[in-house]
Amino acid sequence: MEESIAHPEVDLVCISLPNNLHEIAVLLCCKHKKAVMTTKPLGRNATEARRMLEAVEDAGIFNSYLEDLVYTPKFLKAHDSVKNGALGRILWAKSRETHPGPHSEWFWDIEQAGGGCILDPGCHCIEIARSFIGKDIRPVEVMCWADTQVKPIDAEDHAIGLVKYENGAIGQFEVSWTFRGGMDLRDEVMGTEGTIWINNFLRTGLEMFTTGKGADYVAEKAESNTGWLFPVGDEVNDTGLQPYVHRRLQLARTGPRPEGNLL
């Protein structure tokens, strides 16, 4: 790993490793003064994340946290409306990400992963609600229910949580590794003057039926390629990956760092 990071032709490192290797890779980027972007979650716990934050700040390198779902086209359109006051004062923001579970085996090992579905899709949902409510507004109270209902693991596979913010707004997340039928990504935001509902995945407005002849890849976390299916038109763009990476590469070249999505 160090040989790759230290290579003289490397300008920017994107860390997409198992969670237990994030801190090691970040510290190597600090050692060799390489700009770094880290996939979610930043760390397995708050202590680990704090060490990484302090390390990149001390090293003075460009750093960024990869959170893609706040860059989906539907979210960006909704967020612009919220910022422009179309919904008035935001009272409640809810985000849901549920699917049958991760692809890689390391996710099921709590030592490598650090946690279950709260640490995995929960990162997205909490950030989505926080973005609608306002990143400058601090959370003051959290209530959460989590359990291991289906998967043979030592971490939660289903959870629901409420985050109360200092202005009275409520952020709500629903996450699961037990949902059957594919990946369900939905957001709702309610204010004093209006409401927005967003459906990013699963029921996207594109539906097809096939007996399976010629059907191959359908969409991320799709459980079947026969019967009624819900393909995604432009998956990389619709999940926010393309606009996020494009924006971060621009910032890495020009210098300024985006407030709110740093390590």
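Scroll up for the structure.
Let us look at the structure shown here. (Residues numbered from 1 in each chain as written. Predicted model: local features only at pLDDT ≥ 70, side-chain atom pairs only at ≥ 80, totals over all residues. Heavy atoms only, no water.)

### Structural notes on the environment of T192
- Here T192 shows up in the loop between β8 (184–191) and β9 (194–199).
- Judged by its relative accessible area of 41%, T192 falls in the partly exposed class.
- When the C-alpha positions of T192 and I90 are compared, they lie 6.6 Å apart, and in sequence the two are 102 residues distant.
- In this structure, T192 is in contact with L87, G88, R89 and L91, ignoring residues within four places of it in sequence. (Helix = DSSP H or I, 4+ residues; strand = E, 2+ residues; numbered from the N terminus. Buried < 20%, exposed > 50% of the residue type's maximum accessible area, 1.4 Å probe, protein only. Contact = heavy atoms within 4.5 Å.)

### A short note on helix α3 (residues 46–59)
- Taking 1.5 Å per residue, 14 residues should reach 20 Å; α3 reaches 20 Å between its end C-alpha atoms and fits that length.
- Listed in full, the buried residues belonging to α3 are E48, A49, M52, A55, V56 and A59. Considered in projection along α3, the buried side chains sweep an arc of 125 degrees and stay on one side of the axis. Opposite its buried face, α3 presents the exposed residues A46, T47 and D58, each directed more than 90 degrees away.
- Where α3 is buried, its residues touch α2 (22–31), β2 (35–39) and β3 (63–66).
- Sitting at the amino-terminal end of α3 is N45, which places a side-chain oxygen 3.2 Å from the backbone nitrogen of T47.
- Residue G60 follows α3 closely and has a positive phi angle near 70 degrees. (Expected span 1.5 Å × (residues − 1). Arc of directions from axis to C-beta. Polar contact = N/O pair within 3.5 Å; in protein donor to acceptor, adjacent residues only side chain to side chain.)

### Some words on the sheet that holds β8
- Taken in spatial order, the 6 strands line up as β5-β6-β7-β4-β8-β9 in an open sheet, and their pairing is mixed. The two strands at the open ends of the sheet, each matched to only one other strand, are β5 (139–147) and β9. Neighbour-to-neighbour, the strand axes of this sheet turn through a mean angle of 10 degrees, independent of strand direction.
- In the sheet, β5 pairs with strand β6 (residues 158–165) via 8 bridges, with the strands oriented antiparallel. Considered in β6, the bridge of V142 is made with V163.
- Against the sheet, helix α4 (residues 73–83) engages β4 (90–98), β8 and β9, with an angle of about 170 degrees to β9. (Pairing = 2+ DSSP bridges. Axes fitted to C-alpha atoms, helices over the stretch in contact; angles between N-to-C directions.)

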